[in-house]
Amino acid sequence: MREYLFMALISAAVTYLLVPLVRRFAIRIGAMPEIRDRDVHTTPTPRLGGLAMYGGLVVGLLLAGQLTHSSEALAGTGAQPVAALIIAGGLITFTGFLDDWWGMDAFIKLAGQVAAAGVLVFFNMRLTSIPLPEAWGGPTSVDYTLSTVITILVVVVTINAVNFVDGLDGLAAGIVCIAAMATWVYSIIISQKISGSNITATAAIVAVLIGTCLGFLPHNFHPAKIFMGDTGAMLIGLVLASSIVTVTPVDTTAISDMNEFPVVVPLLIPAAVLVLPLIDLITAVVRRTSQGLSPFAPDRGHLHHRLMDIGHSHRRSVLIMYAWTFLFSFLVVGLSWVGVPVLIFPAVIVLAIAVLILMAMPRWRGRGGAHAATPDDPDDDGGPPTGPMPPILPILPQDPQVKRQTPPSGGPSQERASAEGKPVIPAFPSRS
């Protein structure tokens, strides 16, 4: 346990200390794009925060390879997780760096994601079996070709799910951090039933990922001083996907006594920790393709945009999505530990969706509607306007409404106010 905490703290410290250096570098090379229509921030903000996250990740992984307990587990997986994640992470970070700096075609970026996933497969970090419950035939091994295809698919989908949800300050880093925490807790729980190197290796990988996200969040939470950009979003998506790949090959017969629906363990754990990004990804693809657009075409229809459009502030929208991710992922992890009827799991899904809807309703902002609420603090601007502002028309002197409402200067009301000793504030100071 102390090793996991040490890895997380070192990764967090390195990431936190590297961010100011990366921020100055991003400003110097001009990685501060202009504000786009779909953006919610109002001032140009440097990107490339993922470079600092990569530095924290590399230091944390190298440290994990030197500690007694974690190094034995990483070496016993039959793969080379440290080398695989450093090389694949470097490739995906470089791809994101070019995209954040110069811009990149979506299909070229997709090729970079596939190449990074291919590096994981090359170092034997791949899905070797699918853990099915005994009623469905038990764990099923897959051949090398199918294993490669499934692993690449899992990695690419996870990277894009995290990238799609990265739209508000601190959102992607916080959600991935919560997902990594849930995966870590799940790994610790099943390690009490199974002694396997892949379980311990998963716990070490997500401990480093947790520290990396926590070290970046102080600089990225609203109002953000720097964005992680595609450089960071794709990197943490890759690392989270690698933890899913390493934790999934589990012998369900050994942990079937943990609950009454072993299909949840561990098939639904990865889905649970990624449910919010996946929902956002699926709805975005459906929305864009139904409008005749590319699935990669950017728009302003993500879940976090909708929360802000109904009146929630920037910071509160992020906290709502944090809370929903935490509720769903940790409820599923808890159900994988406690014996419950199989029908409980669909009920949990319904409950989680209901809580998300309730938390997103404008009336939860307080009396008077969304616009009556005040920001959480002076730095929270409450987000951008949710629609076009009405034009401000100039006041014309010949307007009869203006003539009726403008009191004559020096009139009886002004003389009476002066006589009573009250200050007189002219309605039109420029005319006084």
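Residues numbered from 1 in each chain as written. Predicted model: local features only at pLDDT ≥ 70, side-chain atom pairs only at ≥ 80, totals over all residues. Heavy atoms only, no water.

**Looking at the overall build of the protein chain**
Inclusion rule: Helix numbering and strand numbering both begin at the N terminus, where a helix is a DSSP run of H or I of at least 4 residues and a strand a DSSP run of E of at least 2. Exposure categories follow from relative accessible area, calculated using a 1.4 Å probe and restricted to protein chains: below 20% of the type maximum is buried, above 50% is exposed, and the middle band is partly exposed. Here a residue-residue contact requires only that any non-hydrogen atoms of the pair lie within 4.5 Å. Every accessible area reported is derived by Shrake-Rupley at a probe size of 1.4 Å, with residue values counting cover from the shown protein chains alone.
Within the protein chain, the secondary structure is distributed over 16 helices and 2 strands. A total of 432 residues make up the protein chain; the buried ones form 50% of that total. Across the protein chain, contacts joining residues at least 24 apart in sequence account for 77% of those joining residues at least 6 apart. Of the roughly 20400 Å² of accessible surface on the protein chain, 67% is carried by carbon and sulfur atoms.

**Focus: the packing of helix α4 (residues 81–101) against helix α5 (residues 106–122)**
How two helices pack is summed up by the angle between their axes together with the distance between the axes. Note the cut-off: Note on method: axes are straight lines fitted to C-alpha atoms, helices fitted across the in-contact stretch only, with angles between N-to-C directions ranging 0 to 180 degrees. An angle counts as roughly parallel when it lies under 35 degrees, as roughly antiparallel when it exceeds 145, as roughly perpendicular when it falls between 65 and 115, and as oblique in every other case. For this classification, the nonpolar set comprises Ala, Val, Leu, Ile, Met, Phe, Trp, Tyr, Cys and Pro, the charged set comprises Asp, Glu, Lys and Arg, and every other residue, Gly included, is treated as polar.
At a closest axis distance of 8 Å, the pairing of α4 and α5 adopts a crossing angle of 175°. In terms of their interaxial angle, α4 and α5 are classed as roughly antiparallel. Here Ala 84, Leu 85, Ile 87, Ala 88, Leu 91, Ile 92, Thr 95 and Asp 99 of α4 lie close against α5, whose contacting residues are Lys 109, Gly 112, Gln 113, Ala 115, Ala 116, Val 119 and Leu 120. The residue inventory of the contact of α4 with α5, partitioned by class, reads 10 nonpolar, 3 polar and 2 charged.

**Thoughts on the side chain of Thr 246**
Worth spelling out the cut-off: Identification of polar contacts relies on pairs of N or O atoms within 3.5 Å, with a donor-acceptor requirement for protein atoms, meaning one able to donate a hydrogen and the other able to accept it, and with residues adjacent in sequence counted only if both atoms are side-chain atoms.
Position of Thr 246 among the secondary structure elements: in helix α9 (residues 229–247). Relative accessible area serves as the criterion here: at 13%, Thr 246 is assigned to the buried category. A polar atom in the side chain of Thr 246 sits 2.7 Å from the side chain of Thr 202. Excluding residues that lie within four positions of it along the chain, Thr 246 makes contacts with Met 125, Asn 198 and Thr 202.

**Quick look at the confidence of the model for the protein chain**
To be explicit about the condition: Confidence per residue, as judged by the predictor, is encoded in pLDDT with a range of 0 to 100.
With 64% of its residues at a pLDDT of 70 or more, the protein chain shows a mean pLDDT of 75. Mean pLDDT in the protein chain bottoms out at helix α15 (residues 400–405), which sits at 45, and peaks at helix α2 (residues 49–64), which reaches 95. With pLDDT under 50 throughout, residues 399–409 is counted as low confidence; its partners more than four residues away or in other chains account for 7 contacts. Long-range and interchain partners of residues 412–420, a stretch whose pLDDT sits below 50, account for 6 contacts in this model, where long-range means more than four residues apart.

**Things to note about α9**
Definition in use: By definition here, a helix of n residues has an expected span of 1.5 Å times n minus one.
For α9, built from 19 residues, the straight-helix expectation of 27 Å at 1.5 Å per residue is met to within 8% by its first-to-last C-alpha distance of 27 Å. Burial analysis of α9 places 19 of its 19 residues in the buried class, which makes it a mostly covered element.

**Digging into the packing of aromatic side chains**
Which entries qualify depends on this criterion: Two rings from Phe, Tyr or Trp (for Trp, the six-membered ring) form a pair when their centres sit within 6.5 Å of each other. Planes less than 30 degrees apart are called stacked, planes more than 60 degrees apart edge-to-face, and all others tilted.
The tally for this structure, following the rule as stated, stands at 7 aromatic pairs. On the numbers, 5.9 Å between centres and 85° between planes, the contact of Tyr 4 with Trp 184 is edge-to-face. One end of the pair, Tyr 4, is in helix α1 (residues 2–29); the other, Trp 184, is in helix α7 (residues 171–191), with 180 residues separating them in the sequence. Of the two residues, Tyr 4 and Trp 184, both sit in the buried class.

**Digging into unusual backbone geometry**
Positioned with a positive phi, Leu 48 is a non-glycine residue whose angle comes to about 70°. Turning to its location among the elements, Leu 48 is positioned in the loop between α1 and α2. Classification of Leu 48 by relative accessible area gives buried; the value is 0%. Phi is positive for Asn 124, close to 70°, though the residue is something other than glycine. As for its position among the elements, Asn 124 is in the loop between α5 and β1 (129–130).

**Concerning the pattern of salt bridges**
In a structure, side chains of opposite charge can pair up when their charged atoms sit close to one another. Going by this rule: Take a side-chain nitrogen of Lys or Arg and a carboxyl oxygen of Asp or Glu: if they are within 4 Å of each other, that pair is a salt bridge.
This structure, assessed with the given rule, holds 3 salt bridges. Of the charged contacts, one joins Arg 47 and Asp 100 as a salt bridge, the two residues approaching to 3.8 Å between their closest N and O atoms. Pair noted here: Arg 47 is in the loop between α1 and α2 and Asp 100 is in helix α4, with a separation of 53 residues, a long-range link. Close ionic contact of Asp 99 with Lys 109 constitutes a salt bridge, the shortest N to O distance being 3.2 Å. Of this pair, Asp 99 sits in helix α4 while Lys 109 is found in helix α5, placing the two residues 10 residues apart along the sequence. Comparing Asp 99 with Lys 109 shows no difference in burial state: the two are buried.

**Description of the packing of α5 against helix α6 (residues 144–165)**
Cut-off, in case you're wondering: The handedness criterion is simple: a crossing whose near helix is rotated anticlockwise from the far helix by less than a right angle is left-handed, and one whose near helix is rotated clockwise is right-handed.
At a minimum axis distance of 9 Å, the contact between α5 and α6 shows a crossing angle of 130°. Taken together, the axis directions place α5 and α6 in an arrangement best described as oblique. When the axes of α5 and α6 are compared, the crossing they make is right-handed. Of the residues in α6, those in contact with Lys 109, Leu 110, Gln 113, Val 114, Ala 117, Gly 118, Leu 120 and Val 121 of α5 are Tyr 144, Thr 148, Thr 151, Ile 152, Val 155, Val 156, Ile 159, Asn 160 and Asn 163. When grouped by side-chain class, the residues that make up the contact of α5 with α6 number 10 nonpolar, 6 polar and 1 charged.

**Some remarks on α4**
With 21 residues, α4 should reach 30 Å at 1.5 Å per residue; the first-to-last C-alpha distance of 29 Å fits that figure. Looking one or two residues past α4, Gly 103 carries a phi angle of roughly 90°, positive in sign.

**What to know about the state of the cysteines**
Stated precisely, the cut-off is as follows: Cysteine sulfur atoms are paired as a disulfide whenever they fall within 2.5 Å.
Enumeration over the complete set of coordinates arrives at 0 disulfides. Cysteine Cys 177 remains unbridged, with the sulfur of Cys 213 as its closest cysteine sulfur at 5.3 Å.

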